[in-house]
Each structure stands twice: as structure tokens, then as C-alpha cells.
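# Understanding the architecture of this molecule
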Amino acid sequence: MNKFLFKSALAIFMLALVVSAFACNKKEEAASKSEPAASQSTAAESILIPGKPAAETTAPAIAPAQPLPSDAAVSVDGVALKKVALEKRVQAQMKLYQDKIPADRKKEVRAGLKKQLTEDFVMRTLLANEVKRKNISATDKEISAAMEQIKASIPPDKNLNEFLKENNVSRDDIALGVRIQKLVAMETGGKIKPTDKEIGKFYTDNKNKFTTEESVHVRHILVAMDAKDDEKVKAEKKAKIEGLRKQIMGGADFAEVAKNNSDCPSKENGGDLGEIKKGQTVKPFEDAAFSQEIKAVGPVVSTEFGHHIIQVLGRTPAHTVSLGEVKEQISLYLEQQKQAEAFSKMMARLKKNAVIQYGNP
């Protein structure tokens, strides 16, 4: 029931925060660190250093509403993001997906990406300020555990350190993520574990989603057809598939015949296609697979791909999954949902109490 193992909005944000929230290049970081931080204008010109809470600068917790410098894209409580830094991030993202964006939509995508990255900066700055204000820390053990979680979410052949380096993510960034998770936990007061009543209600209200379709476990042998085949070749291929079926009916091992003769990549597994559901294969193949008796070797079936010999190895009827089977997944989903709601309310409150100024495009 993987489709019920939902990721909460909070979990998704946390991963995004750790992986790419708003990592600046090292040259810009050095420039920000070397500038004096005594004045409002200097704070507005700085770029938030990844992993370093904004409240650690000399900007006040809530900065007075002063005119925003012309080179700033946005300012959050006196900590500003330069337009040039934002543009560099937008360009990097556009370059990353340039081959996947239609030419007539690039302007629209760029505008949306710019808005998204601006809001990411606002969110990160507000959260960094809040964890600093509440003196929330992250232990080495907690940071290591978070790194292990990230490692588990990336491809197994990907090295964690290389992945973090590619995305310009530091240990401080991960530590900030841990601190924010603790902040959200404080918001919920630890009261996020759903009751049996809540779990039962969710199951009842969404019972139609807890059903599995009928499926069949099949294997096949394919003699592929080509549009260029002339009548002679077509006849030869039809004779070949009939001959292979005759061998199987005479006692030959289906898997061996498939391995040595099938034109489908499944031949490496003895022709085994695994479980299939209706709608996953072409109609003639589907009709045969869902009508044949288990273990029976059906008559040759022709499709747009060629000629098939099909054998059904098993059948799983459609059924409704019991509450007991999905109780744990539902509980996890409802728990994450409560975390997401708490996170949303907290962000609304932080934004309301902050001085956020947006610059001109």
C-alpha cells in the first residue's frame, strides 16, 4: 500500500530546506561576513549565510520599516536578499531544467521560480530567527541521524558527501533543519499521535481508496513482428510461435523456451512479467490473460507487437484492504498531517509578526 505512505508538506519542506533552501556561493558568503553589520543598510545588503540564523546578525529581532535598498529583492526583519543573488539562483535552476521547459513557457517558468525562491528565503529567515530566539540547538547525534535520513532518500549508488557538495549543503544547513523540526514539535506540544477513533474515521471516510484491483501473474513468449515483414516472413513467424507452443504442450519447460526464443526482454526471467492489472497491456493480451485458467497455456495471441504464448501463474481478486493492514500507515499520515497544519499556523504567525518588504521586480 505504498500510495498511502504519504509525505507531509512539512517533511517535503524540510528536505528542500536541507538540500537547496538558499545556498549562496562562497565568494558571496565571504563578502557578507567581511562587511560591518552595525547599520540597517549593511544588514539589508547582506546575503543570508546557509546554516547561520539571521538573528545572529546585528539586525534587530523586528527591524523598523525603513526604505528597502534598490538592490534588494526582499528583506525579512532587516536581513535582505540581493537581487543579484536571487537572479543567480534562478539562472542555475533554469539551466538545470532548460531541456524540459518549452520555449514559449520559459518566461512564465522563470517568473514562478523567482517567486518561489523569494518565498523560500523569507521562510528560511523567519525560521532561523525563531529557533535562535527560542535557543533551540541540535546535537551531533541528531545531525548524524538527519544525514542518515538524507542518505536513505538518495539513490544507493550516490555518495552522501558528493550529493551534499553538489547541492552546496553544509553541516550547518542540516543542523538548522534539525532545529526547525524541534521547533515544529514544540508547536504541536507533543499531541500529534492520532487516536484509534481518528484512524477509524479516516479509514471509513476513505474506504474506496483502500481497494486493490484484480491482477494476474503472467509469463509469455513473444515472436515480434515488424511493419516491414512481407507475407513470407509473417508466415514463418506464425509457424515459429505455433511450433514453440507445441514444444511446451509436449512437456518442454516454459521458462527455458522463453529464454532461448522470446523477443521480449522478459526472456531473461523466463518470460515472467510479474503481476499485471487491467489497462497495463494491449487489449488482446489483457483479454487472454484475464480469461485463461491458471497454469493453462493459452492459444497464440496476436497483438500489434507480435505473437504471444501466455501462461497465467496466479490470480489475485479485487478486494478491500482491512483496517488492520493499513492502520500503521494511516496513523503515520494523520501524524504528519497534524505536523503540517502546525507548521502552517506557525508560519502564518511568524509572517504576521515580522517586517517583510519586497523590492521592485
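It should be noted that the structure appears before, not after, this text.
A pair of packed helices is characterised by two quantities: the angle between their axes and the separation of those axes. Where helix α10 (residues 231-249) meets helix α11 (residues 254-261), the axes come as close as 9 Å, and the angle between the chain directions of the two elements is 155°. Accordingly, the angle class assigned to the pair α10 and α11 is roughly antiparallel. Between α10 and α11 lies a crossing whose hand is right-handed. Touching Lys-240, Leu-244, Gln-247 and Ile-248 of α10 are Phe-254, Val-257 and Asn-261, all from α11. Of the residues belonging to the contact of α10 with α11, the class tally is four nonpolar, two polar and one charged.

Let us look at the sheet that holds strand β5 (residues 272-277). If you trace the four strands from one edge of the open sheet to the other, you get β5-β4-β7-β6, paired in antiparallel fashion. Since the sheet does not close on itself, it has two edges, and those belong to β5 and β6 (301-303), each with one partner. Shown here is a sheet whose adjacent strand axes are inclined to one another by a mean of 45°, direction ignored. Packing of α11 onto the sheet brings it into contact with β4 (215-224) and β7 (306-316), and relative to β4 it is tilted by some 40°.

Take the environment of Tyr-333 next. You can see Tyr-333 is positioned in helix α13 (residues 323-352). Owing to a relative accessible area of 21%, Tyr-333 belongs among the partly exposed residues under this scheme. Remark: the alpha-carbon pair of Tyr-333 and Pro-194, spanning 139 residues in sequence, is separated by 9.4 Å.

With that settled, consider the pattern of salt bridges. The final tally for this structure, using the stated rule, is 18 salt bridges. The partner of Arg-124 in a salt bridge is Asp-173, with the nearest N and O atoms 3.3 Å apart. One end of the pair, Arg-124, is in helix α5 (residues 106-133); the other, Asp-173, is in helix α8 (residues 171-188), with 49 residues separating them in the sequence. With a shortest N-O distance of 3.7 Å, Lys-134 and Glu-130 are connected by a salt bridge. Each of the salt bridges in this network shares a partner with another, and the network as a whole consists of Glu-130, Arg-133, Lys-134, Glu-187 and Arg-349.

The rules we used
- Residues numbered from 1 in each chain as written.
- Predicted model: local features only at pLDDT ≥ 70, side-chain atom pairs only at ≥ 80, totals over all residues.
- Heavy atoms only, no water.
- Axes fitted to C-alpha atoms, helices over the stretch in contact; angles between N-to-C directions.
- Helix = DSSP H or I, 4+ residues; strand = E, 2+ residues; numbered from the N terminus.
- Parallel < 35°, antiparallel > 145°, perpendicular 65-115°, else oblique.
- Left-handed = near helix turned anticlockwise from the far one by under 90°.
- Contact = heavy atoms within 4.5 Å.
- Nonpolar A, V, L, I, M, F, W, Y, C, P; charged D, E, K, R; others polar.
- Pairing = 2+ DSSP bridges.
- Buried < 20%, exposed > 50% of the residue type's maximum accessible area, 1.4 Å probe, protein only.
- Salt bridge = Lys/Arg side-chain N within 4 Å of Asp/Glu carboxyl O.

These values are about where atoms sit, not about what they do.
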